[in-house]
Amino acid sequence: MKKYNLAFLGCGAMGTEVIDYVVNNLKNKFNITLIIDNEINNAEKLSTKYNISPVITNDINIFLEMQNIDLVIETASVQAANQYANDLVKKADVIFASVGAMSDQVFYNKLLDDAANHNNNVIIPPGAIGGLDAIDAVKDSITFIEIITTKSPESLSGAKGFLDYENYNFTSPEVIYNGTATNAIKLFPKNLNVAVTLSLFGLGPDKTNVTVVADPDVKMNCHKINLKGQFGEISFDFKLEKSIKNPKTSALAGLSIIKILKDY
Ligand SMILES: NC(=O)c1ccc[n+]([C@@H]2O[C@H](COP(=O)([O-])OP(=O)(O)OC[C@H]3O[C@@H](n4cnc5c(N)ncnc54)[C@H](O)[C@@H]3O)[C@@H](O)[C@H]2O)c1
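Residue numbers restart at each chain and count upward from 1, following the sequence in its written direction. In view of the model being predicted, local features appear only for residues whose pLDDT reaches at least 70, and side-chain atom pairs are presented and counted only at 80 or more, with totals across whole chains, interfaces and linings using the full set of residues. Note that water and hydrogens are dropped before the side-chain values are worked out from all heavy atoms of the structure.

**Side note on the overall build of the chain**
Keep this limit in mind: Strands here mean DSSP runs of E at least two residues long; helices mean DSSP runs of H or I at least four residues long; both are numbered from the N terminus. The atom set for the radius of gyration is the C-alpha atoms, and the globule formula is 2.2 Å times the number of residues raised to the power 0.38. Relative accessibility decides the category of a residue: with a 1.4 Å probe and only protein chains considered, values under 20% of the type maximum give buried, values over 50% give exposed, and everything between is partly exposed. Whether two residues are in contact is decided by their heavy atoms: any pair within 4.5 Å suffices. Throughout, the Shrake-Rupley method with a 1.4 Å probe supplies accessible areas, and for residues the shown protein chains are the sole cover considered. Only four residue types enter the tally: Lys and Arg on the positive side, Asp and Glu on the negative side; His and the chain ends are excluded. Think of each charge as sitting on NZ of Lys, CZ of Arg, CG of Asp or CD of Glu.
Counting its secondary structure elements, the chain contains 10 helices and 11 strands. Here the chain has a C-alpha radius of gyration of 18 Å; the compact-globule value for 264 residues is 18 Å, and the two agree. Dimensions of the chain, computed from the C-alpha atoms along their principal axes, are close to 50 × 40 × 30 Å. Each of the 264 residues in the chain was classed as buried or not, and the buried ones make up 53%. Put simply, of all contacts in the chain between residues at least 6 apart along the chain, 69% involve residues at least 24 apart. Carbon and sulfur atoms make up 47% of the accessible area of the chain, which totals about 12500 Å². Of the side-chain charges in the chain, 24 are positive and 29 negative, and the distance between the mean point of each set is 4 Å.

Structure follows, in structure tokens:
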């Protein structure tokens with residue numbers, strides 16, 4: 001069996017979950033060859049813990065000089081995906097966790113073209129949601145599509161869209177955002193990647209309605225998806241345990257990348 005060389009851009013909560021799985025279950029299929037992360041110390045600790053020896057750097061140019069990477073897993077940030085995506089897809093297949101970067105349709109279409117021109121694939125994982133096959137199948141007749149995301153104030157804290165609520169004493173669930181996916185990802189770049197993922201399989205980010213609810217009693221990250229059209233009505237309801245390392249991220253998001261690796 002061919003062994004693939006894997007690079008990580010970003011190695012926090014999700015990247016660590018994926019490395020853990022690869023080392024324990026897929027080491028005959030993947031070599032972890034490169035980790036790019038601003039936090040070099042953390043990447044070095046991971047290497048020691050998992051007894052692996054990737055090149056560790058905070059410099060994207062090291063990746064650009066390497067010739068042997070088959071697949072990149074981007075689990076860094078929307079800003080990093082925006083900055084580096086075009087370089088990445090010219091060199092390898094790329095799984096993007098920070099799907100929010102794709103809310104700019106011009107950027108996304110160019111990325112798809114660049115990847116295709118270099119015989120590479122842009123891979124969008126379902127992340128913290130699912131049912132995207134059904135949404136894709138009915139997309140031409142969707143008349144309404146929305147996602148309602150409910151998280152604890154702790155999970156939303158730090159986002160630009162949460163600035164006015166940082167010192168607010170929530171006693172019951174409150175809507176703190178209602179608008180398009182395009183604006184949602186700008187205000188909540190670490191929380192609303194799911195809205196952009198949904199939009200890529202449906203009507204696009206400008207026509208995907210997003211509601212963000214801060215609920216002081218909710219323990220999980222919750223996403224309700226509703227759509228209507230000629231086909232009827234579809235609803236999905238996700239109540240997801242948080243990643244142990246990052247309450248903004250749901251554990252399912254890492255598992256969705258692991259599923260792609262199993263099938264790669
Ligand atoms: N698609 C989905 O459904 C979904 C779900 C949850 C999270 N996400 C997104 O996935 C990404 C990773 O999530 P996480 O919970 O692992 O985040 P995290 O904050 O735990 O880890 C991110 C890591 O990337 C590194 N990093 C960030 N920007 C970088 C840059 N410009 N250059 C180099 N390293 C950089 C950080 O140092 C950190 O180690 C985030 O963008 C998050 O919003 C997507």
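**With respect to the nonpolar core**
Condition: Nonpolar core, defined: a set of buried Ala, Val, Leu, Ile, Met, Phe, Trp, Tyr and Cys residues in which side-chain atoms within 4.5 Å join the residues together. Domain extents, as shown, originate in an automatic or database domain assignment.
Val72, Leu88, Phe96, Met102, Phe188 and Val210 are the most contacted members of the largest nonpolar core, which has 60 residues in total. If you tally residues by element for this core, the top one is helix 4 (residues 78-89), at 7 residues. Split by domain, this core shows at least three residues from each of two domains, domain 1 (4-126 + 251-263) and domain 2 (132-240). The residues touching Leu88, leaving out its near neighbours within four places in the chain, are Leu9, Ile60, Phe63, Val72, Val94 and Phe96. Counting residues in hydrophobic clusters, the runner-up holds 26 residues, among them Phe8, Ile257, Ile258 and Leu261.

**Some thoughts on the sheet that holds strand 4 (residues 71-74)**
This is how it is decided: Here a strand pair is declared whenever DSSP counts at least two bridges between the two strands. Angles run from 0 to 180 degrees between N-to-C directions of axes, and those axes are lines fitted to C-alpha atoms, restricted for helices to the stretch in contact.
Taken in spatial order, the 6 strands of this open sheet run 3-2-1-4-5-6, and their pairing is parallel. The open sheet has two edge strands with one neighbour each: strand 3 (55-57) and strand 6 (122-123). One ladder, built from 3 bridges, connects strand 2 (residues 30-36) with strand 3; its direction is parallel. Note on strand 3: the bridge partner recorded for Ile35 is Ile56. Relative to the sheet, helix 2 (residues 40-50) contacts strand 2 and strand 3, its axis offset from that of strand 3 by approximately 160°.

**Re the site of the ligand**
Test applied: One heavy atom within 4 Å of a molecule or strand is enough for the residue carrying it to be called near that molecule or strand. Polar contact is defined as a pair of N or O atoms within 3.5 Å, subject to the rule that within protein one atom must be able to donate a hydrogen and the other to accept it, and that residues adjacent in sequence are counted only when both atoms are side-chain atoms.
Around the ligand, the structure places 26 residues, and the nearest of them are Met14, Asp37, Ser98, Asn246 and Thr249. Within the side chain of Ser98, one N or O atom sits 2.7 Å away from an oxygen atom of the ligand. Contact between the ligand and Ala128: an oxygen atom at 3.0 Å from a main-chain N or O atom of the residue. Looking at the shell around the ligand, the elements with two or more residues in it are helix 1 (13-25), helix 4 and helix 9 (193-201). With 3 residues, the top contributor of residues to the shell around the ligand is helix 4.

**Observations regarding the pairing of strand 1 (residues 4-9)**
Where we set the bar: Here a crossover is taken to be right-handed if, once the strands point away from the viewer, the path from the first strand over the helix to the second is traced clockwise.
Most of strand 1 is tucked away: 5 of the 6 residues are buried. As paired elements, strand 1 and strand 2 share 6 bridges and run parallel to each other. Across the sheet, Ala7 pairs through a bridge with Leu34, a residue of strand 2. In terms of handedness, the path from strand 1 via helix 1 over to strand 2 forms a crossover that is right-handed. Relative to strand 4, strand 1 runs parallel, the two sharing 4 bridges.

**Quick word on the sheet that holds strand 10 (residues 221-229)**
Here we have 5 strands laid out as an open sheet, ordered 8-9-7-10-11, and mixed in their pairing. The sheet is open, and its two borders are formed by strand 8 (174-180) and strand 11 (232-240), each paired with just one other strand. Direction aside, neighbouring strands of the sheet carry axes that sit 15° apart on average. Sheet topology note: the strand 7 (residues 142-151)/strand 10 ladder contains 8 bridges and is antiparallel. Note that in strand 10 the partner of Ile142 across the bridge is Gly229.

**Things to note about the domain arrangement of the chain**
Convention followed: What gets called buried area is simply the loss in accessible area from a 1.4 Å probe that two parts show on being joined, summed for both. Take a side-chain nitrogen of Lys or Arg and a carboxyl oxygen of Asp or Glu: if they are within 4 Å of each other, that pair is a salt bridge. Amino acids are sorted into nonpolar (Ala, Val, Leu, Ile, Met, Phe, Trp, Tyr, Cys and Pro), charged (Asp, Glu, Lys and Arg) and polar (every other residue, Gly among them).
Annotation of the chain at the domain level lists domain 1 (4-126 + 251-263) and domain 2 (132-240). Centre-to-centre, using C-alpha coordinates, domain 1 lies 25 Å away from domain 2. Facing the 13 residues of domain 1 at the interface are 10 residues of domain 2. Interface of domain 1 and domain 2: buried area, both sides summed, is about 920 Å²; carbon and sulfur atoms make up 75% of it. Our count for the contact surface shared by domain 1 and domain 2 stands at 0 salt bridges. The interface formed by domain 1 and domain 2 includes 2 residue pairs in polar contact (both at pLDDT 80 or more). For the side of domain 1 that touches domain 2, a count of residues per class yields 9 nonpolar, 4 polar and no charged.

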